[in-house]
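Now for the letters of each chain:
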Amino acid sequence: MSKRLLFLGPPGAGKGTQAQLLAAERDLLHLSTGELLRAEVQAGTALGAEAQAVMARGELVSDALVLAIVRDRLISHDGGWLLDGFPRNLAQAEALSELLEELNQPIECVVLLQLDDGILLQRLLSRGRDDDNEAVIRNRLEVYREQTAPLIAFYRQLGLIREVEAEGAVETVAQRVVDGLG
């Protein structure tokens, strides 16, 4: 059973939901980059203060800072973990691989949630967010594909990708994820 996992998939595919369910079921440390950043800020750590300053300026937190936070969490953790929301591009994946090699905790499996664009569009529009309109969503999906295609190829080349159809009820998809992990 894989104990060091990465979740990939387009916006609206249910990565966060499925990651939370699997992490709870298999007692894995769930590392969502957004949650990690908020937790560091709330805890008042040095990394959190640095992240807060960057975010307050409306900038994206650097890869190096995100990696430092991930490193901080994993260096003292000897159980399984699940990464959700990072890496988002090939440069981040390569840096993450180096970090995980250093920690002797390589990724064992990459779960790629797949969903038709029409269904993704419906899901994202139904969330009712002010910034979610069809043009914005289609652009986000295009950006996702541009950035993530090389990432998927990178992990496919390593033999780590397990594709999971993300259409259907949350429980149905969760069972497909478990089945895909063997």
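In this text, all values refer to a predicted model and were calculated from it rather than measured experimentally.

A look at unusual backbone geometry
Inference 1: Cis geometry marks the peptide bond from Phe 86 to Pro 87; its omega dihedral reads 5°.
Inference 2: Along the chain, Pro 87 turns up in the loop between strand E3 (81–84) and helix H5 (90–102).
Inference 3: Phi at Asp 27 takes a positive value of approximately 55°, unusual for a residue other than glycine.
Inference 4: Within the secondary structure layout, Asp 27 lies in the loop between helix H1 (15–26) and strand E2 (29–32).
Inference 5: Among the residues examined, Asp 27 registers a relative accessible area of 68% and is labelled exposed.
Inference 6: The phi dihedral of Asn 104 falls on the positive side, at around 55°, and the residue is not glycine.

Some words on empty space enclosed by the protein
Inference 1: Under the definition given, this model contains one cavity of 30 Å³ or more.
Inference 2: For the largest cavity, the calculated volume is near 30 Å³.
Inference 3: Lining the largest cavity are Thr 33, Leu 36, Leu 37, Val 66, Ile 69 and Val 70.
Inference 4: Residues belonging to the lining of the largest cavity are distributed by class as follows: five nonpolar, one polar and no charged.

Section: H1
An α-helical turn contains 3.6 residues, so a residue and the one three or four places further along point in the same direction.
Inference 1: In this model, H1 (12 residues) spans 16 Å end to end at C-alpha, consistent with the 16 Å of a helix rising 1.5 Å per residue.
Inference 2: Those residues of H1 that sit buried are Lys 15, Gln 18, Ala 19, Leu 22, Ala 23 and Arg 26. All buried residues of H1 fall inside an arc of 130° around its axis, so they share one side. Turned more than 90 degrees away from the buried face of H1 sit Ala 24 and Glu 25, all of them exposed.
Inference 3: Residues of H1 that are buried sit in contact with strand E1 (4–8), E2, E3, strand E4 (109–114) and helix H8 (170–181).
Inference 4: Just past H1, the residue Asp 27 takes up positive phi, approximately 55°.

What counts and how
- Residues numbered from 1 in each chain as written.
- Predicted model: local features only at pLDDT ≥ 70, side-chain atom pairs only at ≥ 80, totals over all residues.
- Heavy atoms only, no water.
- Helix = DSSP H or I, 4+ residues; strand = E, 2+ residues; numbered from the N terminus.
- Buried < 20%, exposed > 50% of the residue type's maximum accessible area, 1.4 Å probe, protein only.
- 1 Å grid on protein atoms, 1.4 Å probe; cavity = no way out; pocket = protein on both sides within 12 Å on 5 of 7 lines; lining within 4 Å.
- Points joined across faces, edges and corners; volume = space filled by probe spheres on them.
- Nonpolar A, V, L, I, M, F, W, Y, C, P; charged D, E, K, R; others polar.
- Expected span 1.5 Å × (residues − 1).
- Arc of directions from axis to C-beta.
- Contact = heavy atoms within 4.5 Å.

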